[in-house]
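Observations on chain architecture
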Amino acid sequence: MSDDQAAAPGATPAAARRGTAWMILAVVAAALLICCCSAVIGVVVSWSAGLFDGR
């Protein structure tokens, strides 16, 4: 079954692909945000625990 057959009646296939592309971009952006936030939290916790002291 092709993408054209799977599309809803009256909907254009390009609109379905455009929606899918935005969903993929949103998932990637959310994953990057989660990774960056967890890295920042890890650095803050390490810093507050004194792991960056040179002693």
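Everything numeric here is computed off the predicted structure, so don't read it as measured data.

**Quick look at the overall build of the protein chain**
A tally of regular secondary structure across the protein chain gives two helices and zero strands. A buried classification covers 0% of the 55 residues belonging to the protein chain. In the form shown here, the protein chain has an accessible surface area of approximately 4800 Å², with 72% of it arising from carbon and sulfur atoms.

**Side note on the state of the cysteines**
One pass over the full model with this rule turns up zero disulfides. Free of any disulfide, cysteine 35 has its nearest neighbouring cysteine sulfur in cysteine 36, separated by 6.8 Å. Lacking any disulfide linkage, cysteine 37 is separated from the closest cysteine sulfur, that of cysteine 36, by 7.0 Å. Relative accessible area serves as the criterion here: at 40%, cysteine 37 is assigned to the partly exposed category.

**As for the packing of aromatic side chains**
What the rule picks out here adds up to one aromatic pair. Ring geometry for tryptophan 47 and phenylalanine 52: centres 6.3 Å apart, planes at 90 degrees, overall edge-to-face. When sorted by exposure, tryptophan 47 lands in the same class as phenylalanine 52, which is exposed.

Procedures and definitions
- Residues numbered from 1 in each chain as written.
- Predicted model: local features only at pLDDT ≥ 70, side-chain atom pairs only at ≥ 80, totals over all residues.
- Heavy atoms only, no water.
- Helix = DSSP H or I, 4+ residues; strand = E, 2+ residues; numbered from the N terminus.
- Buried < 20%, exposed > 50% of the residue type's maximum accessible area, 1.4 Å probe, protein only.
- Areas by Shrake-Rupley, 256 points an atom, 1.4 Å probe, with all protein chains shown as cover.
- Disulfide = S-S within 2.5 Å.
- Phe/Tyr/Trp six-rings, centres within 6.5 Å; stacked < 30°, edge-to-face > 60°.

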